[in-house]
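# Coordinate analysis (summary)
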Number of protein chains: 2
Amino acid sequence: MLKKSVRYSSVFCFVYFGSYLFNFITLKPKITLKDIARELEVSISTVSKALKNSEEISRDTKEKVQAFARLYNYKPNNIAVSLKNKRTKNIGVVIPDIVHHFFTTVIRGIEKYANAKGYNVIVCLSEESFDKEVINMEMLANGSIDGFIMSLSSETQAKGDYNHLKEVTEQGIPVVLFDRITHEIDCDKVVIDDKLGGYLATKKLIEQGKQRIALIATDDYLSVSKARSQGYTKALLDHGIPVEPSRILKLPTMEMDEDRIRDFFETSDMDAVLCVNEIFAVYSMGLALEKGLKIPEDIAFIGFTDGLLSKYAHPSLTVVAQHGERMGEISAQMLIEKVESENEEETFQTKILEPTLVLRNSTIN
Amino acid sequence: MLKKSVRYSSVFCFVYFGSYLFNFITLKPKITLKDIARELEVSISTVSKALKNSEEISRDTKEKVQAFARLYNYKPNNIAVSLKNKRTKNIGVVIPDIVHHFFTTVIRGIEKYANAKGYNVIVCLSEESFDKEVINMEMLANGSIDGFIMSLSSETQAKGDYNHLKEVTEQGIPVVLFDRITHEIDCDKVVIDDKLGGYLATKKLIEQGKQRIALIATDDYLSVSKARSQGYTKALLDHGIPVEPSRILKLPTMEMDEDRIRDFFETSDMDAVLCVNEIFAVYSMGLALEKGLKIPEDIAFIGFTDGLLSKYAHPSLTVVAQHGERMGEISAQMLIEKVESENEEETFQTKILEPTLVLRNSTIN
DNA sequence: ATATTTACCGAAAACGGTTTCGTGTTGATA
DNA sequence: TATCAACACGAAACCGTTTTCGGTAAATAT
């Protein structure tokens, strides 16, 4: 037995190198089960089982195979395993944009959790386009991923067409929607309580003695902006302050529109501003400073999204933190649970995270 | 013929629905070539060829098959195709961080180009850790991707250990390194001329009459920071200004260290500051403002990275733009060319992009 | 009428694994 | 000595494609 073992190893080296001699100098391609089986003169099944430490295989053979595999750095081919198991260990993330701080933190959260669970993350950008969202999902839905985590593009939300989501869920592919969601699709969802966020921020401003609080938001089709506006309105009403339409600016998208914001500042009179993102807020602060106003005494500011901008702006910006990273982690967790759950009980849940106020120098503390 | 055709369609409906009746109400799973073949009573090969419009197949059959496939929304399974073709149409992107503006713009560039070419992007984060970088690459290298685009983690650069890259390239997997590269690996590379960037920025400051120009950088193991520092030094010397070590602060990483920067400002005397990123610069501007200094008259600032921060800071920050999106596009283009090239001529190129100065209010214009 | 194309189609191998099931050998038991 | 587990391993199906290689029938040429 020993003799045979010794003999094979020397024989092997010759045969193996021989068969790959062609491009041996430059390339050493991945080794497969078949290669190992051939060189060790056992069957592919045996190799497979040996590597899985199956007790069906003798100690001797297992050691032989495992040593060999280690030596030649054998790693199973993911694609083949995926095909067999019908599990890719990939999750698809489709988001509108990646340059926005919020989304990058969510991705980081997803990545962190998914990676720890052995999953890879395929990122696709819809760039706020309905068509791109559809195309990306179709690409991924043909076997590339085990499930989706996504946030709707603004165009999709404006259009209200969710057939691409429906198709995917009907195929049995799990979906988790976060932040920009729709209630028309049955799936898991993760959001922060944007209305509460708007409420808390507005309340904070009121408590600081502000009475003429302006709002810079986007049109209501964007679910998050709508909710934040509602929180703003509710806070005002709860404190007996009338909602003054002239103090509300609704931009068509989250894109920066310097002219319209500037106009708004010229024509409207206010002592505080709530903005649905940090860019609007920081830009607005700039306008206020230009006008010689003192922040926060003359005019206070609160934005959404706790990004770099808020932290390093001058003055630093008080914001409603959205906890993107946590949101990503939760999304990934919910998705992976669904993916790995055997039972087909279709129960969906919506997790609502609480926003928190991060106090900085754009408000009185 | 016609009769048969009519008959099959009705028969099919019954059979197909029948076989999937089990969970028909909730799920309609993906249809495969085999399904089509079975229902149309032809072979799998015929279906495959018909869908590819092979002229080996009669007009009649092709139409039948194609109509059927369209009706049931057949899409080939990516995994199976990948296994067969040994091409995944995925590219792996391994970067140190995703919350930094520069990297997100690069990803966007990669995504844009790759998507247009039918590729998907798998993003993995090393989080500046050597081990994570290695693990991620190993995960992806087992068949999941056709090639890598990556930027080295700081730990990897500090360690100088590139064996994981070597292994991958030896397996014949194409790699494109961008921004944080190493010359120890033979592969395509894309960088901006950081030395030139540092030079241009410093020269600009000198031309504005600044003589006591400080530098806030990181330790030299970070290739980009080193190059930028060299540009700074060269510009000073070219203009006959001695390099004053007390005006140079080298932090261990790109992470913010408020205390050390504050210390540096207390102890050093300067009329301009060049920073290797925008965060250092904007934070420093804050310190200057606190001290009652006028920007840019008393002290001017230039940073690297043309992000949100630079644009919306107060005053807005003059920066060396790195053109991340372009860098991503070029990286993706180089990689995909390598992936799709048949010939094995191993020629590698390094593309050097020119940085440009974006003038804003932190310098005199 | 026979030989040769041509048009159409199917069987089977291959990609690289996993897994079920069967089988030959061995040693213990009756 | 016949019987039977236990043990160790291999054959083969399978995942869903692609692609090569034949093969059959009709159509054409001889």
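Above: the structure in question.
Every chain is numbered independently, its residues counted from 1 as its sequence is written. Following the order in which they are written, the chains are lettered starting with A and the ligands numbered starting with 1. Totals for whole chains, interfaces and linings use every residue, but because this is a predicted model, local features are given only for residues with pLDDT of at least 70 and side-chain atom pairs only at 80 or more, for both listing and counting. In computing side-chain properties, one takes all heavy atoms of the structure into account and sets aside hydrogens as well as water.

## Topic: the protein's contact with DNA strand D
In the vicinity of DNA strand D, 29 residues are found, and the nearest of them are T46, K49, E56, T61 and K86 of chain A. We call a residue near a given molecule or strand whenever any one of its heavy atoms falls within 4 Å of it. Of all atoms in DNA strand D that approach within 4 Å of the protein, 60% are sugar or phosphate atoms. Polar contacts, as counted here, are pairs of nitrogen or oxygen atoms within 3.5 Å of one another; within protein the pair requires one atom able to donate a hydrogen and one able to accept it, and residues that are adjacent in sequence qualify only if both atoms are side-chain atoms. At a separation of 2.4 Å, a base oxygen of DNA strand D approaches a polar side-chain atom of K49 of chain A. Note on conventions: DSSP H or I runs of at least 4 residues are helices, E runs of at least 2 residues are strands, and numbering of each starts at the N terminus. Listing elements by their share of the surface near DNA strand D, those giving two or more residues are α3 (44-51) and α5 (78-85) of chain A together with α2 (33-40), α3 (44-51) and α5 (78-85) of chain B. Polarity classes work like this: nonpolar for Ala, Val, Leu, Ile, Met, Phe, Trp, Tyr, Cys and Pro, charged for Asp, Glu, Lys and Arg, and polar for all others, with Gly in that last group. Here the surface near DNA strand D is built from residues that sort into 9 nonpolar, 10 polar and 10 charged.

## Details of unusual backbone geometry
P296 of chain A follows I295 of chain A through a cis peptide bond whose omega is 5 degrees. Its place among the elements puts P296 of chain A in the loop between α13 (278-290) and β9 (300-304). Residue H314 of chain B is joined to P315 of chain B through a cis peptide bond whose omega torsion reads -5 degrees. If you trace the backbone, P315 of chain B turns up in the loop between α14 (308-312) and β10 (318-321). The backbone phi angle of E127 of chain B is positive, close to 50 degrees, even though this residue is not glycine. Within the secondary structure layout, E127 of chain B lies in the loop between β2 (120-125) and α7 (130-141).

## Things to note about the protein's contact with DNA strand C
For DNA strand C, the set of nearby residues contains 29 residues, the closest of which are K84 of chain A together with T46, K49, E56 and K86 of chain B. At 2.9 Å from a phosphate oxygen of DNA strand C is found a main-chain nitrogen or oxygen belonging to L33 of chain A. A distance of 2.8 Å is found between a phosphate oxygen of DNA strand C and a backbone nitrogen or oxygen belonging to S58 of chain B. Elements with a contribution of two residues or more to the surface near DNA strand C: α2 (33-40), α3 and α5 of chain A together with α3 and α5 of chain B.

## Quick notes on the relation of the copies chain A and chain B
Here the copies were fitted onto each other by least squares, based on C-alpha atoms from residues at pLDDT of at least 70 in both. With an RMSD of 0.1 Å, chain A superimposes on chain B once it is rotated by 180 degrees and translated 0.0 Å along the axis. Both copies are brought into coincidence by an operation consistent with a two-fold rotation axis. Measuring from the rotation axis to each C-alpha of chain A, the shortest distance belongs to I122 of chain A, at 2.1 Å. Looking at the interface residues of chain A, 100% of them are also at the interface in chain B, so both copies use one shared face. Residues are treated as being in contact if the distance between any of their heavy atoms lies within 4.5 Å.

## Topic: empty space enclosed by the protein
All names here are of chain A. Cavities and pockets are found on a 1 Å grid laid over the protein atoms alone: a cavity is a set of points where a 1.4 Å probe fits but cannot escape, a pocket is an open set with protein on both sides within 12 Å along at least five of seven lines, and a lining residue has an atom within 4 Å of such a point. Grid points are joined across faces, edges and corners, and a volume is the space filled by probe spheres set on the points. Within the structure shown, the criterion is met by 6 cavities of 30 Å³ or more. For the lining of the largest cavity, the secondary-structure elements that each account for two or more residues are α6 (101-116), α11 (223-238) and α13. Tallying contributions element by element places α6 first for the lining of the largest cavity, with 3 residues. Tallied by class, the residues present in the lining of the largest cavity amount to 8 nonpolar, 5 polar and 4 charged.

## Some remarks on the sheet that holds β9 of chain A
All names here are of chain A. Pairing between two strands requires that DSSP report at least two bridges joining them. Across the sheet, which stays open at both edges, the 6 strands sit in the order β7-β6-β8-β9-β10-β12 with mixed pairing between neighbours. Edge positions in the sheet fall to β7 (248-251) and β12 (356-358), since each of these pairs with one other strand and no more. Direction aside, the axes of adjacent strands within the sheet are offset by 20 degrees on average. Packing of α11 onto the sheet brings it into contact with β6 (213-218), β7, β8 (272-275) and β9, and relative to β6 it is tilted by some 165 degrees. Helix axes are fitted only over the stretch in contact, all axes being lines through C-alpha atoms; the angle between N-to-C directions runs from 0 to 180 degrees. Each of β6, β7, β8 and β9 touches helix α12 (residues 258-267); the most contacted strand, β7, lies at about 170 degrees to it.

## A short note on the pairing of β8 of chain A
Whether a residue is buried, partly exposed or exposed follows from its accessible area with a 1.4 Å probe, protein chains only, as a fraction of its type maximum: under 20%, in between, or over 50%, in that order. The alternating pattern of β8 of chain A places A272 and L274 of chain A on one face and V273 and C275 of chain A on the opposite face, and all of these are buried. Handedness of the crossover is the feature at issue here: the chain leaves β8 of chain A, passes through α13 of chain A, returns alongside β9 of chain A, and the resulting connection is right-handed. Here, the term right-handed applies to a crossover whose path from the first strand over the helix to the second runs clockwise when the strands point away from the viewer.

## Points about the sheet that holds strand β8 (residues 272-275) of chain B
Residues and elements named next belong to chain B. Taken in spatial order, the 6 strands of this open sheet run β7-β6-β8-β9-β10-β12, and their pairing is mixed. Two strands bound the open sheet, and with one partner strand each, they are β7 (248-251) and β12 (356-358). Taken over all neighbouring pairs, the strand axes of this sheet differ in orientation by 20 degrees on average, direction set aside. Helix-sheet contacts for helix α10 (residues 194-207) involve β6 (213-218), β8, β9 (300-304), β10 and β12, and the interaxial angle to β9 is about 170 degrees.

## Let's talk about the pattern of salt bridges
When a carboxyl oxygen of Asp or Glu lies within 4 Å of a side-chain nitrogen of Lys or Arg, that pair is called a salt bridge. Inspection of every chain in the model, using the stated rule, returns 42 salt bridges over all chains. When the shortest N-O distance is used, the salt bridge between E325 of chain A and K112 of chain A registers 2.6 Å. Taken together, the residues span a long stretch of sequence, with E325 of chain A in helix α15 (residues 324-340) and K112 of chain A in helix α6 at a distance of 213 residues. For E325 of chain A, a relative accessible area of 21% translates into the label partly exposed. We classify K112 of chain A as partly exposed; its relative accessible area is 35%. Via salt bridges that share partners, D97 of chain A together with R108, K112 and E325 of chain B belong to a single interconnected network.

## Some thoughts on the packing of helix α12 (residues 258-267) of chain B against helix α13 (residues 278-290) of chain B
Residues and elements named next belong to chain B. At a minimum axis separation of 11 Å, α12 and α13 run at an interaxial angle of 50 degrees. One finds that α12 runs oblique with respect to α13. Taken as a pair, α12 and α13 cross one another with a handedness that is right-handed. Only F280, Y283, S284, L287 and E290 of α13 make contact with α12, whose side of the interface consists of E258, I261, R262 and F265. By definition in this entry, angles of less than 35 degrees are roughly parallel, angles greater than 145 are roughly antiparallel, angles of 65 to 115 are roughly perpendicular, and the rest are oblique. Two helices that cross are described as forming a left-handed crossing if the nearer one is turned anticlockwise from the farther one by less than a right angle, and a right-handed crossing if clockwise.

## What to know about the interface of chain A and chain B
Interface size is commonly expressed as the accessible surface area that is lost when the partners come together. Each partner contributes to the interface: chain A provides 57 residues, whereas chain B provides 57 residues. The term buried area means the drop in 1.4 Å probe accessible area that two parts suffer when joined, counted for both and summed. Interface area lost by chain A to chain B is led by I79, N142 and Y312 of chain A, which between them contribute 14%. Applying the counting rule to chain A against chain B returns 4 salt bridges. Among the salt bridges present, the one from E170 of chain B reaches K28 of chain A, with a minimum N-O distance of 3.7 Å. The tally of links between chain A and chain B comes to 14 residue pairs in polar contact (both at pLDDT 80 or more). Looking at the side of chain A that touches chain B, the elements that each hand over two or more residues are α5, α6, β2 (120-125), α7 (130-141), α9 (163-170), α13 and α14 (308-312) of chain A. Residue contributions to the side of chain A that touches chain B peak at 8 residues, all from α6 of chain A. Classifying every residue of the side of chain A that touches chain B by side-chain character gives 25 nonpolar, 20 polar and 12 charged. Pairing of β2 of chain A with β2 of chain B involves 3 bridges; the strand directions are antiparallel.

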